[in-house]
Amino acid sequence: MRWPIFSSRWSLAIVAVLVLLLAVLATLQYRWIAQLSEAERARLKEGLERAAAGYCEGFDKEIARAHAVFNLDARDGDQELARELADRLTQWRSEAVWPEMVDELFILRREETGRAIVLCFVGESATLRQCDWEEALLPIRQRLGGAEPRLPVVDGILPGLVLPLQVRSAPRGRPPVERQPPRDHLVVRFDLEFIQATVLPALVATHFAVNGGDPYLLSVSLSDRPREEIYRSPSGDSTRMVKPDATDVFMGLRSFPQFSRSAFAGPPGRRPPPGERPRARGEALGPPDPPPPGLHALTEEGRWVLAVRHPGGSLEDVVAQARRRNMAISLAMLLMLGVTAALMVVSTRSARRLARQQMDFAAAVSHELKTPLTAMRSAGQNLADGIVSDPEGVRKYGRL
């Protein structure tokens with residue numbers, strides 16, 4: 001009789017242990033999912049920032065290439081300067097990834113009277129001719145009116161480069177020339193429509209490629225005019241770019257070692273060290289120095305701002321959605337384990353109850369069989385012992 005009590009106690013103990021284990025497992029899974037979600041958020045954030053930095057550096061590499069190609073010193077006359085510009089333009093078209101990026105070349109000149117004029121470079125005839133001021137050049141013209149103009153090299157509104165043409169230093173043996181503000185500035189204007197239609201989408205395909213998923217939302221705007229957008233991805237929405245997941249600046253100058261020296265005669269006033277032959281015009285350099293590991297630092301602040309946002313919303317929303325999904329799957333698995341354990345306990349108790357009913361049935365059947373057999377045995381024993389000897393009694397016992 002103690003076996004059922006013993007079994008029920010063990011069943012209750014097993015159920016209690018299972019409930020405790022499920023609670024511990026649920027707590028551990030909650031913590032693991034939280035840690036995995038935080039690690040996934042950090043991984044996505046780092047990958048997005050790396051892609052944004054690569055995007056900006058890829059564009060600025062062409063800016064640095066243009067700066068290295070078109071950074072020249074002043075020439076003795078406009079004819080020589082025009083020939084030099086034609087050579088530099090040829091070099092750019094042969095080396096640049098996007099040769100069509102350079103649209104026009106201008107020479108902004110401050111005359112002795114203080115008046116500023118603009119010379120347009122005509123590529124077909126390799127000449128310079130005076131032309132009218134375009135609206136895009138008027139802000140530069142205003143800054144040229146100062147006593148000593150200090151123009152930024154990169155102009156994000158133009159967009160393009162504004163490079164001063166420095167006067168060559170005096171030869172050895174002559175008195176040094178007093179440093180004067182540059183008379184001429186070379187303006188390298190980029191084709192904004194080509195950048196919007198070709199360059200920026202190509203960089204998106206290179207650094208933000210998504211296999212089988214929605215593309216990232218990108219927006220490019222002026223750093224000093226955030227509301228003035230230059231480029232937006234086709235699926236982008238200005239209302240969704242209020243809080244971007246990653247931002248970076250570009251359209252600036254970076255230190256690329258392969259562009260630190262020009263393929264022409266080199267910087268003004270540089271004399272080759274003893275034993276080194278002076279490099280002739282147009283002579284190519286040797287293999288460039290390998291770039292340092294990591295991203296290249298900006299040497300002049302970028303004029304454009306890149307904003308990137310995940311197509312599914314913010315990274316926090318995407319990670320939270322994945323976390324909720326993992327929590328739902330984990331909860332479903334725990335519920336399945338709990339239901340399975342409960343079914344095992346119920347089936348065990350049902351089997352024990354059926355076994356007890358089987359034993360009760362066997363005892364009842366054996367009892368019902370022993371009662372008539374006992375009566376028959378007693379009657380036969382009485383007949384055998386001669387207790388009943390009269391014929392009527394014998395017939396009665398026989399009928400029984």
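Residues numbered from 1 in each chain as written. Predicted model: local features only at pLDDT ≥ 70, side-chain atom pairs only at ≥ 80, totals over all residues. Heavy atoms only, no water.

**Student:** Any chance you could break down the nonpolar core for me, citing the residues and the numbers?
**Tutor:** Ranked by internal contacts, the top residues of the largest apolar core, which has 56 residues, are Y55, F59, F70, L186, F190, F208 and F250. Grouped together as the second largest cluster of nonpolar side chains are 14 residues, L108, C120, C131 and L151 included. (Core = buried A, V, L, I, M, F, W, Y, C linked by side-chain atoms within 4.5 Å. Buried < 20%, exposed > 50% of the residue type's maximum accessible area, 1.4 Å probe, protein only.)

**Student:** Break down unusual backbone geometry for me, citing the residues and quoting the values.
**Tutor:** Put simply, L158 and P159 share a cis peptide bond, and its omega is -20 degrees. On the secondary structure map, P159 appears in the loop between β4 (154–155) and β5 (160–164). Residues other than glycine seldom take positive phi values, yet A126 does so here, at roughly 55 degrees. For A126, the position within the fold is in the loop between β2 (116–122) and β3 (127–131). Under the relative-accessibility criterion, A126 is labelled partly exposed at 25%. (Helix = DSSP H or I, 4+ residues; strand = E, 2+ residues; numbered from the N terminus.)

**Student:** Account for the sheet that holds β5, naming residues and giving values.
**Tutor:** With antiparallel pairing, the six strands of this open sheet are ordered in space as β3-β2-β1-β6-β5-β4. A strand with exactly one partner marks an edge of an open sheet, and here the two such strands are β3 and β4. As judged from the five bridges shared by strand β1 (residues 102–110) and β2, these two strands associate in the antiparallel manner. In the strand pairing of β2, F106 is matched with C120. Each of β1, β2, β3 and β6 (184–190) touches helix α2 (residues 78–95); the most contacted strand, β1, lies at about 155 degrees to it. (Pairing = 2+ DSSP bridges. Contact = heavy atoms within 4.5 Å. Axes fitted to C-alpha atoms, helices over the stretch in contact; angles between N-to-C directions.)

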